[in-house]
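Inside the fold
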Amino acid sequence: MAAPITEASARVVAGRGVSPGAVRAPLVRLGPPVVTSPADPAGADPEAEGRRVREALTAVAANLERRARNAGGVSADVLATTAAMALDPALADAAERHLAAGAPTGHAVTLAVEEFCGRLEALGGYLAERVADLRDIGARTVAQLAGLAMPGIPAPGYPVVMAARDLSPADTASLPGGDVVGLLTEEGGPTSHTAILARALGIPAVVGCPASAEIPEGTLVLLDGTTGTVQLDPPAGAAAVRATSAPGAAAGPGRTADGTPVALLSNIGTVADAELAAVTPTEGVGLFRTEFLFLKRADRPTEAEQATTYTAVLRAFGERRVVVRTLDAGSDKPLPFLPLGPEENPALGVRGLRTARAHPEVLDDQLRALAAAAEAAGRALDVMAPMVSTAEEAARFADRARGFGLTRVGVMIEVPAAALRARELLEVVDFVSIGTNDLGQYVMAADRQSGALGDLLDPWQPALLDLVAAVGEAGRAAGKPVGVCGEAAADPLLAAVLVGLGATSLSTAARARPAVHAELARFTRLDCLRLAERVRSARGAGAARLAARAFRDERP
Amino acid sequence: MPSRTVTVASRVGLHARPAAMFTRAAAAAPVPVTLAVAGKDPVNAASVLGVMTLGVECGQEVTLAAEGEGADGALDSLAALLATDLDA
């Protein structure tokens, strides 16, 4: 535990800068989710508790309306509609009914919310998607009743730096377009979810900063995501530059200087991401993470609900390629309908495709929904499984997916065993996609969430690049595509190295595309091969990076 | 009881935003108004969740009903609202 920050101690704390830019704003903390239970103590007087519920709902609605006034556009409409739901007398009536039946106050709100969620989900489609808004109302109302901080992403109506121990994908789903202008976490490394998300959104971020736990809420901070420092109570006038974005979006498909095509795809995690990415010149989606459909809910999403979402994403990209990754869950991201039990080492446990051993129905639902979406959108899609170790696993997945009518089936290469035997895997699938973040974690035996091991997780580690080379070679021999969809592909110079190692497509956050596009256009395919050779002969990550820069600089 | 049957013109049906616009108007009426579709129980027209859970699609017929002083006027204006495209 870091020492408390007092007047006498340093006014600057340091972590690892993972998303560039500097912002100056008050610090607020991510509120923990509030869970209610029928076993909570019940209020003595149900009528008085009913009045408290109505007051809490009114307060939640007022906060939503304030945010709506500040938001503008589509988000203002959504927030105003959500406020109307909080003020709906039917919701308070339902809560009072549960109170009268003896439910504890907070739990009565949860039960009332779930009643309506059930009915909306039964309708499917767009209305079913509103359950997230309704559950957010429930969580806020329960927090309001208990006098706790509002759960989830803070939205006070003015810019803030959000502090947290670490962020999960579920926590961050509502970050885009909100009040959060900077991220500060106690844990996490350069490839943690926080870092990836921050770069994708262009929000300055500092991770791996244990001392941030002691900064009092409301403190004005100057967070610098480039240097990794956080200054407390900065003097007036201290520069607050917004994140610098990459040069103007590069139009046209990705290609090397001599015209070898390298598809520059986008990583997406929600329908909103898809819509943002679809307006860029990206050649498609190289990694559609489907977890958002499954997180934060008690029951598994229906096939129809999944199909609606997948169809929307497929339509957004027209004819462009869309690679969908099946559910990547594990005991570190527990889902109520996918019980996996606690594990000592979730990263090495039952996760990704491995969850289908115990719960094949979840994977089957998803594959059926994907086939239905392809049919509805009148186009093909690519599907791939995460966390595949052997050719047998790849073959089982491919058979299953093809059984549902999906034609282009691939697997992720995240496990060193899969990289070493890529030739056999490519005999049974149509493509592979290398997840450099997990492959790096597993080949270096270094937890990707560990801030202290950031040097081992450097994507320039020669051992990681050796594995990429092995997969690239297998892809060339088989004449099948090899994608890279980890953070490594977002580093422009490393992207050129990856192409030299055999990558035929690179998938990154949409914001990273212009810089990668520009860098690739500076190298011929032969340059990329020579560059990759030079980098692989280096004896460490630092040396590899220097060798690549030297190669780039010595060219005319 | 005075009632009006009207075809919903909102292109997306009575989904979240059009439902919220409609229920705001219904809440402002001088009398309680119900909204019904065939095969489902009538709901309070001032309840956005109630209206949303009817799952009304564009082109579907719905019936508004109300009783008391001012009921006819309120039904006429709410019926006119449903007959326009709230999502335009």
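As the structure is a prediction and not an experimental result, all values here were calculated from the model.

1. Focus: the pairing of strand β7 (residues 220-224) of chain A
Residue and element names in this part refer to chain A.
- Both strand β3 (residues 22-29) and β7 contribute to a ladder of five bridges, which runs antiparallel. The partner of Arg 24 across the bridge, within β7, is Leu 222.
- Where β7 and strand β8 (residues 229-232) come together, four bridges link them in antiparallel fashion. Bridging from a neighbouring strand, Val 221 pairs with Leu 232 of β8.

2. Re the sheet that holds strand β14 (residues 431-434) of chain A
Residue and element names in this part refer to chain A.
- Pairing is parallel in the closed barrel, where eight strands are placed in the order β9-β10-β11-β12-β13-β14-β15-β16. Between one strand axis and the next, the sheet turns through 25° on average, direction left out of account.
- Across four bridges, strand β12 (residues 382-385) lies against strand β13 (residues 408-413) in parallel orientation. Each bridged residue has a counterpart across the sheet, and for Ala 385 the counterpart in β13 is Val 411.

3. Let's talk about the packing of helix α12 (residues 360-377) of chain A against helix α13 (residues 391-403) of chain A
Residues and elements named next belong to chain A.
- Put simply, α12 and α13 touch, their axes get as near as 9 Å, and they point 45° apart. Classified by the angle their axes make, α12 and α13 are oblique. Crossing handedness for the pair α12 and α13: right-handed. In this structure, α12 uses Pro 360, Leu 363, Asp 364 and Leu 367 to contact α13, whose residues at the interface are Phe 397, Arg 400 and Ala 401.
- Looking at the contact of α12 with α13 residue by residue, the class counts come to five nonpolar, no polar and two charged.

4. Thoughts on the pattern of salt bridges
All names here are of chain A.
- Within the structure shown, the criterion is met by 33 salt bridges over all chains.
- Between Arg 534 and Glu 554 there is a salt bridge, with the nearest N and O atoms lying 2.7 Å from each other. One end of the pair, Arg 534, is in helix α20 (residues 525-536); the other, Glu 554, is in helix α21 (residues 541-554), and 20 residues separate them in sequence.
- The exposure class assigned to Glu 554 is exposed, which follows from its relative accessible area of 51%.
- Each of Glu 291, Arg 325, Asp 328, Arg 351, Asp 438 and Arg 448 takes part in salt bridges that share partners, so that together they form one network.

5. A short note on the nonpolar core
- A:Phe317, A:Val383, A:Phe397, A:Trp460, A:Leu498, A:Leu506 and A:Leu531 are the most contacted members of the largest nonpolar core, which totals 93 residues.
- Here this core takes eight residues from α12(A), the largest share from any one element.
- When sequence neighbours within four positions are dropped, the list of residues in contact with A:Trp460 reads A:Leu465, A:Asp491, A:Leu493, A:Leu494, A:Val497, A:Val535, A:Ala541, A:Ala544, A:Arg545 and A:Ala548.
- If you look at the next biggest cluster of nonpolar residues, it comprises 62 residues, including A:Ala56, A:Val109, B:Ala16 and B:Ala19.

6. Focus: the packing of aromatic side chains
Residue and element names in this part refer to chain A.
- Evaluation of the coordinates by the stated rule reveals four aromatic pairs over all chains.
- Taken together, a centroid distance of 6.3 Å and an interplanar angle of 40° make the contact between Phe 294 and Phe 337 tilted. Linking Phe 294 in the loop between β10 (284-289) and α10 (303-316) with Phe 337 in the loop between β11 (321-325) and α11 (355-358), this pair joins segments that are 43 residues apart in sequence.
- Assessed through its relative accessible area of 1%, Phe 294 is described here as buried.
- Judged by centre distance (6.4 Å) and plane angle (20°), the rings of Phe 523 and Phe 551 are stacked. You can see Phe 523 sitting in the loop between α19 (513-520) and α20 and its partner Phe 551 sitting in helix α21, a full 28 residues away along the chain. As far as the burial class goes, Phe 523 and Phe 551 line up, both buried.
- Over the aromatic face of Phe 116 sits the side chain of Arg 119, whose NZ or CZ is 4.9 Å from the ring centroid.
- For the cation-ring pair, Arg 321 lies above Phe 431, with the distance from its terminal atom to the ring centre recorded as 5.1 Å.

7. Let's talk about the interface of chain B and chain A
- Contacts between the two partners involve 14 residues from chain B, matched on the other side by 16 residues from chain A.
- Carbon and sulfur atoms supply 76% of the area that chain B and chain A bury against each other, a total of about 1,300 Å² over both sides.
- The three residues of chain B that bury the most area against chain A are B:Leu49, B:Met52 and B:Thr53, which together make up 43% of that side's buried surface.
- Summed over the shared surface of chain B and chain A, the number is zero salt bridges.
- Among the elements of the structure, α1 (16-27) and α2 (48-52) of chain B are those that each provide at least two residues to the side of chain B that touches chain A.
- The element best represented in the side of chain B that touches chain A is α2(B), accounting for four residues.
- Of the residues belonging to the side of chain B that touches chain A, the class tally is six nonpolar, six polar and two charged.

8. Description of helix α4 (residues 105-123) of chain A
Residue and element names in this part refer to chain A.
- Compared with the 27 Å implied by 1.5 Å per residue over 19 residues, the 28 Å span of α4 between its first and last C-alpha is a close match.
- Listed in full, the buried residues belonging to α4 are Thr 105, Gly 106, His 107, Ala 108, Val 109, Ala 112, Val 113, Phe 116, Cys 117, Leu 120 and Glu 121.
- Looking one or two residues past α4, Gly 124 carries a phi angle of roughly 70°, positive in sign.

Cut-off values and rules
Residues numbered from 1 in each chain as written. Chains lettered and ligands numbered in written order. Predicted model: local features only at pLDDT ≥ 70, side-chain atom pairs only at ≥ 80, totals over all residues. Heavy atoms only, no water. Pairing = 2+ DSSP bridges. Helix = DSSP H or I, 4+ residues; strand = E, 2+ residues; numbered from the N terminus. Axes fitted to C-alpha atoms, helices over the stretch in contact; angles between N-to-C directions. Parallel < 35°, antiparallel > 145°, perpendicular 65-115°, else oblique. Left-handed = near helix turned anticlockwise from the far one by under 90°. Contact = heavy atoms within 4.5 Å. Nonpolar A, V, L, I, M, F, W, Y, C, P; charged D, E, K, R; others polar. Salt bridge = Lys/Arg side-chain N within 4 Å of Asp/Glu carboxyl O. Buried < 20%, exposed > 50% of the residue type's maximum accessible area, 1.4 Å probe, protein only. Core = buried A, V, L, I, M, F, W, Y, C linked by side-chain atoms within 4.5 Å. Phe/Tyr/Trp six-rings, centres within 6.5 Å; stacked < 30°, edge-to-face > 60°. Lys NZ or Arg CZ within 6 Å of the ring centre and 35° of its normal. Buried area = accessible area lost by both parts, 1.4 Å probe. Expected span 1.5 Å × (residues − 1).

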